[in-house]
Amino acid sequence: MNTVFRLFSLVLLASLPKGYAMDNLKLSSGYNIPSVGLGTSSIKPYDLENAIINALENGYKHIDTAFTYHNEEAIGKVLKKWFAKGGARENLFITSKLPSQGNRPESVEKYLKQSLKDLGLDYVDMYLIHTPFGLKEGVNNSPKEVNGIEIFENVNHNALWKEMEKQVKNGYAKSIGLSNFNQSQIDNVYKNAEIKPSNLQVEIHAYLPQKQLRQFCKKHNIVVTAYAPLGSHNSRTYLHKSTGKDLPALIDLPIIKDLAQKYKKSPSQILLRHTVQDDLVVIPKSSNSDRQKLNIDLFDFKLTAEDVKKIDNLDKGEKGRVFDFLKFYKGLENNPQYPFVEQS
Ligand SMILES: NC(=O)c1ccc[n+]([C@@H]2O[C@H](COP(=O)([O-])OP(=O)(O)OC[C@H]3O[C@@H](n4cnc5c(N)ncnc54)[C@H](OP(=O)(O)O)[C@@H]3O)[C@@H](O)[C@H]2O)c1
Ligand SMILES: *[C@@H]1O[C@H](CO)[C@@H](O)[C@H](O)[C@H]1NC(C)=O
């Protein structure tokens, strides 16, 4: 029975046209990462439990969270119920992140253990350094200016990374990686690492495709996760410095709507497919079950090279960036670890 099934799967796989992205990507750590994950940072607290339950029932295997999102306890509650109903831990991929105020070697284990406790897990599948810059312990990670107070702390990325590696050796994280680091910062960590970063999570969507950074990561076998993969159209009005907010929502662009019609898919599927088709991971956020279903259903069609190019042409470079963090922290642009300095 099993053999027949496997044979059947093999034939099915072999008969798929070439170029369909896989719904899993291999990390240099040896583990697989599901190509679609649920973003959770902007899910409203009252929506959270339902959104996570729906996502699991809709087939999501990958959940993206962070200490900073203040939602790990709620996610933990849902996971507990999921496991009680027979869901297997090893079928899920959970990402968490070390907050900016934990960016010193002696704080790494403390924050990771707190996340594990809140999530009710023994390990996370991926642990990322959330930002290359550091905040002083106790600084609240909320979008407020802290007037007149020096809130930043200098970070030694290599010393911090050593401690991240220790978490793998301890068994608290299966894989480790970086988020919001720029190319030279990644290069520095990579060159000095014993366990290489296997994942980079950065803002990527049609307005900010970051082709050069992706090329660099490909060369170093670092899987790239695109955050805000739909362009985070609902954040832009309150978050941005000055740039991305003036651009229309990607899902409303006529070119995207036309492609949606052509492929009989939704605008969101066109945008997400464009990204996964280049072997990236996407973590769209949706609190809505129907939209969650659309966002994970990306593997039965393929954009032609010509249509890929049409979407490539939407590149706005740095003007497309939504999350530059300058709105969060006054004076960040002068921080020695601020990653987007050359571009802004
Ligand atoms: N590492 C970092 O520093 C960092 C920074 C930012 C974000 N992230 C991660 O990336 C995730 C996603 O980013 P994001 O939430 O800012 O932006 P996004 O995923 O690009 O966009 C989310 C918005 O799109 C809507 N949406 C989702 N699916 C849709 C569909 N099929 N059709 C129409 N609208 C749809 C959502 O509304 P509904 O919920 O109503 O569907 C929500 O308003 C975050 O949740 C977080 O996990 C990481
Ligand atoms: C990356 O960030 C560092 C620290 O701010 C900066 O010195 C460097 O120029 C940046 N590199 C790139 C490629 O943007």
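Residues numbered from 1 in each chain as written. Chains lettered and ligands numbered in written order. Predicted model: local features only at pLDDT ≥ 70, side-chain atom pairs only at ≥ 80, totals over all residues. Heavy atoms only, no water.

Trainee: Would you take a moment to explain the packing of helix 4 (residues 105-119) against helix 5 (residues 157-170) for this structure?
Mentor: Packed helices, taken two at a time, are described by the angle between their axes plus the distance between the axes. At a minimum axis distance of 8 Å, the contact between helix 4 and helix 5 shows a crossing angle of 35 degrees. As helix 4 packs across helix 5, the resulting crossing turns out to be right-handed. The segment helix 4 lies against helix 5, with Pro105, Val108, Glu109 and Leu112 engaging Ala159, Leu160, Glu163, Met164, Gln167 and Asn170. Each residue belonging to the contact of helix 4 with helix 5 can be placed in one class, and the counts come to 6 nonpolar, 2 polar and 2 charged. (Axes fitted to C-alpha atoms, helices over the stretch in contact; angles between N-to-C directions. Helix = DSSP H or I, 4+ residues; strand = E, 2+ residues; numbered from the N terminus. Left-handed = near helix turned anticlockwise from the far one by under 90°. Contact = heavy atoms within 4.5 Å. Nonpolar A, V, L, I, M, F, W, Y, C, P; charged D, E, K, R; others polar.)

Trainee: What is the right way to look at the UniProt feature "site: Lowers pKa of active site Tyr" (unreviewed entry) in the protein chain in this model?
Mentor: Per the UniProt record, the feature "site: Lowers pKa of active site Tyr" (unreviewed entry) sits at Lys97. Along the chain, the position of Lys97 falls in strand 5 (residues 93-98). Residues within four places of Lys97 in sequence aside, it is in contact with Asp64, Thr65, Ala66, Phe67, Tyr69, Tyr127, Leu128, His130 and Gln201. In this structure the side chain of Lys97 is engaged in a polar contact, spanning 2.8 Å, whose partner is the side chain of Asp64. (UniProt positions renumbered as here; feature names shortened; annotations may be inferred. Polar contact = N/O pair within 3.5 Å; in protein donor to acceptor, adjacent residues only side chain to side chain.)

Trainee: Would you take a moment to explain the packing of aromatic side chains for this structure?
Mentor: Two aromatic rings are characterised by how far apart their centres lie and by the angle between their planes. In total, this model carries 7 aromatic pairs according to the counting rule given. Between Phe133 and Tyr329, the aromatic rings sit 6.1 Å apart at their centres with planes inclined by 70 degrees, giving edge-to-face as the arrangement. Here the residue Phe133 occupies a position in the loop between strand 6 (124-129) and strand 7 (134-135), and Tyr329 occupies one in the segment after helix 12 (305-312), the gap between them amounting to 196 residues. Neither residue differs from the other here; Phe133 and Tyr329 are each classed as buried. Where Tyr263 meets Phe301, the ring centres are 6.0 Å apart and the plane angle is 55 degrees; that geometry is what we call tilted. Here the residue Tyr263 occupies a position in helix 9 (residues 254-263), and Phe301 occupies one in the loop between helix 11 (289-296) and helix 12, the gap between them amounting to 38 residues. (Phe/Tyr/Trp six-rings, centres within 6.5 Å; stacked < 30°, edge-to-face > 60°. Buried < 20%, exposed > 50% of the residue type's maximum accessible area, 1.4 Å probe, protein only.)

Trainee: Even after reading the chapter, I still don't get unusual backbone geometry, so can you show me in this structure?
Mentor: Positive phi, normally seen in glycine, also occurs at Ser232, with a value near 45 degrees. Turning to its location among the elements, Ser232 is positioned in the loop between strand 11 (223-227) and helix 8 (236-239). Residue Ser232 is classed as buried on the basis of its relative accessible area, which comes to 17%. Residues other than glycine seldom take positive phi values, yet Phe325 does so here, at roughly 70 degrees.

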